[in-house]
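Residue strings, one per chain:
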Amino acid sequence: MNVFTEFSSGREADVQQGVATALRFTLSTPGVATAIVDTANPDRWEQNAALLEKGQLPEDFYESIRNRWREVAGADWVGKV
């Protein structure tokens with residue numbers, strides 16, 4: 001199964017799953033202790049916190065994201081992630 005389609009189940013679910021994946025990716029990245037998330041809705045922090053209840057991403061999913069980034073990132077990318 002393609003790990004990028006594993007979570008697809010409708011537009012709203014895709015958006016929420018994308019947010020969850022991004023936050024959990026941050027949680028899964030060694031050396032990263034904080035995710036700065038901007039929102040116009042002050043209650044959104046509770047929703048974001050709930051998305052993190054599953055903890056870190058499964059290692060294979062995390063690595064598939066990292067591998068894909070390595071495939072598409074430009075040579076000038078100097079980020080630490």
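Residues numbered from 1 in each chain as written. Predicted model: local features only at pLDDT ≥ 70, side-chain atom pairs only at ≥ 80, totals over all residues. Heavy atoms only, no water.

Undergrad: Honestly, the packing of aromatic side chains in this entry has me stumped. Any pointers?
TA: Each aromatic ring pair is characterised by the separation of its centres together with the angle its planes make. One pass over the structure, following the stated rule, counts 2 aromatic pairs. Measuring from ring centre to ring centre gives 4.9 Å for phenylalanine 25 and tyrosine 62, while their planes differ by 25°; the resulting arrangement is stacked. Within this pair, whereas phenylalanine 25 is found in helix 1 (residues 11-28), its partner tyrosine 62 is found in helix 3 (residues 59-72), the two being separated by 37 residues in sequence. Comparing phenylalanine 25 with tyrosine 62 shows no difference in burial state: the two are buried. Ring centres of tryptophan 69 and tryptophan 77 lie 5.3 Å apart, and the angle between their planes is 80°; on these two criteria the pair is classed as edge-to-face. Among the residues examined, tryptophan 77 registers a relative accessible area of 47% and is labelled partly exposed. (Phe/Tyr/Trp six-rings, centres within 6.5 Å; stacked < 30°, edge-to-face > 60°. Helix = DSSP H or I, 4+ residues; strand = E, 2+ residues; numbered from the N terminus. Buried < 20%, exposed > 50% of the residue type's maximum accessible area, 1.4 Å probe, protein only.)

Undergrad: Looking at this model, I keep getting lost on the side chain of threonine 29. Mind explaining?
TA: Mapped onto the fold, threonine 29 is located in the loop between helix 1 and helix 2 (44-51). You can call threonine 29 buried: its relative accessible area is 6%. Looking at threonine 29, its side chain comes within polar contact range of the main-chain oxygen of phenylalanine 25, at 2.8 Å. (Polar contact = N/O pair within 3.5 Å; in protein donor to acceptor, adjacent residues only side chain to side chain.)

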